[in-house]
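One letter stands for each residue in the lines below.
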Amino acid sequence: MELAKLLRSVEMFAGLAPDDLQKLASIFVERHLQENEVIFHEGDIAESLFLVMSGFIEVVKEDSPRSEGRVLVNLGPGQSVGEMSLIDHGLRSATVRASTSDTVIASVSREAFDAFCESNTLIGYRVMRNIAADLSFRLRHKDLQNAQAQSGSHK
Amino acid sequence: MIYKVSYVPLDGKNPGAIANIEKPPQVGEKVVLGKVEFEIVEVMELMPPRGEFSFLHATCRPTGKELP
């Protein structure tokens, strides 16, 4: 899928004008991943934001150095990952890797992303509002997941 | 409309997935999340639509099939 068209379907960039989406597309870099290829490790310094163009990635919490880790969620087309560290400047909170062999991601550096958001007040506001809404969606997803797990454990 | 869907498996063990799709999920539909196939058993609105986005939740159960 063409990157500018993909960006239109990413909630983080909802409400941006077509010209802004074209500018945004020019600062992203596409990357094809092998199955299980790691995008970043838990504890890494955050340098980039990533979007899933196709396939799925899994967000993994490492319980111990020797374990394979616990998959927290699978993220499919149109989802973003890595934005938390870009905003709060913390270390990566989980490991993220491709879960399928047809996974394609697009990445943008922190510097380019910040420059884009700061280039126009309205753009910056909309992107940050959309990031907050996306995090809210994931919390709701997690709440439902926990409720389902508890419901299953009582049967 | 772009449908952002929270998929939550019934078994409570699989972590589920979040993905954007072009058509709304339907009960009975089979979907592959990562490498695991699921059947959708319930669909409901998670949040009111905003702009071009509709936010849905789909409960699903594993069919037992996995991609190689």
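Small disclaimer: the values here were computed from a predicted structure and weren't measured.

## Points about the sheet that holds strand S1 (residues 29–32) of chain A
Residue and element names in this part refer to chain A.
Alright, step 1. With antiparallel pairing, four strands are arranged side by side in an open sheet as S1-S8-S3-S6. Taken across any chain shown, the strands that pair with only one partner, and hence form the sheet edges, are S1 and strand S6 (80–81).
Alright, step 2. Where strand S3 (residues 48–54) and strand S8 (residues 104–109) come together, six bridges link them in antiparallel fashion. For leucine 51, the partnering residue across the bridge sits in S8 and is alanine 106.

## Quick look at the environment of arginine 140 of chain A
Alright, step 1. Its location among the elements puts arginine 140 of chain A in helix H5 (residues 121–153).
Alright, step 2. Those residues within four positions of arginine 140 of chain A in sequence are excluded, and the remaining contacts are Leu46 and Met47 of chain B.

## Thoughts on the nonpolar core
Residues and elements named next belong to chain A.
Alright, step 1. Among the nonpolar cores identified, the biggest contains 26 residues, and Leu7, Phe13, Phe28, Phe113 and Val127 are the most heavily contacted of them.
Alright, step 2. No other element matches the four residues that helix H1 (residues 3–8) contributes to this core.
Alright, step 3. With near-sequence residues (within four places) excluded, valine 127 lies in contact with Met12, Phe13, Leu16, Phe113 and Cys117.

Calculation rules
Residues numbered from 1 in each chain as written. Chains lettered and ligands numbered in written order. Predicted model: local features only at pLDDT ≥ 70, side-chain atom pairs only at ≥ 80, totals over all residues. Heavy atoms only, no water. Pairing = 2+ DSSP bridges. Helix = DSSP H or I, 4+ residues; strand = E, 2+ residues; numbered from the N terminus. Contact = heavy atoms within 4.5 Å. Core = buried A, V, L, I, M, F, W, Y, C linked by side-chain atoms within 4.5 Å. Buried < 20%, exposed > 50% of the residue type's maximum accessible area, 1.4 Å probe, protein only.

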